[in-house]
Amino acid sequence: IVPITSDINEYAHEVAKKLHHHHLRVKVDTRSEKMTYKIRELSHGKVPIILVVGQREALEQTVTVRRLGSLAQETLALTDVIDTLKQEAENPALNKTYD
């Protein structure tokens, strides 16, 4: 999980806690680096799913999902993301990969 600014760290940790509750592996990147640097570094590290959170996401209880190999991103309700990731974890054939 990549918070856009340090003001959003609390929401990022809240999201992580909810994902952990559903037995999903997650890390929060709260380093004081620029968001673009963090995302580029995670992409080079082959992290399959990056969740980006900012002020809008915190207010709306959403997350922006970026998947490895895709330039597309989508903002979804946190509950929808949890459901999707749980299903993908239980059935790897459902993983959304992009060529």
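Details of the structure are given in the entry above.
Residues numbered from 1 in each chain as written. Predicted model: local features only at pLDDT ≥ 70, side-chain atom pairs only at ≥ 80, totals over all residues. Heavy atoms only, no water.

Comments concerning unusual backbone geometry
Part 1 of the argument: Positive phi outside glycine occurs at histidine 23, with the angle close to 65°.
Part 2 of the argument: Structurally, histidine 23 can be placed in the loop between helix H1 (9-21) and helix H2 (35-44).
Part 3 of the argument: Of the residues examined, histidine 23 reaches a relative accessible area of 75% and is grouped as exposed.
Part 4 of the argument: The residue lysine 46 is not glycine, and still its phi comes out positive at about 65°.
Part 5 of the argument: Here lysine 46 shows up in the loop between H2 and strand S2 (49-53).
Part 6 of the argument: Residue lysine 46 is classed as exposed on the basis of its relative accessible area, which comes to 60%. (Helix = DSSP H or I, 4+ residues; strand = E, 2+ residues; numbered from the N terminus. Buried < 20%, exposed > 50% of the residue type's maximum accessible area, 1.4 Å probe, protein only.)

Quick notes on the nonpolar core
Soluble, globular proteins show a tendency: their nonpolar side chains are buried together.
Part 1 of the argument: Ranked by internal contacts, the top residues of the largest apolar core, which has 17 residues, are Ile1, Tyr11, Val15, Leu19, Leu51, Val53 and Val63.
Part 2 of the argument: Contributions of two or more residues to this core are made by H1, S2, strand S3 (62-67) and helix H4 (78-90).
Part 3 of the argument: Tallying contributions element by element places H1 first for this core, with 5 residues.
Part 4 of the argument: In this view, valine 53 contacts Ile1, Val2, Pro3, Ile4, Ile8, Tyr11, Ala12, Thr62 and Val63; residues no more than four positions away in its chain are not counted. (Core = buried A, V, L, I, M, F, W, Y, C linked by side-chain atoms within 4.5 Å. Contact = heavy atoms within 4.5 Å.)

By themselves, these are just geometric observations and shouldn't be taken as functional.
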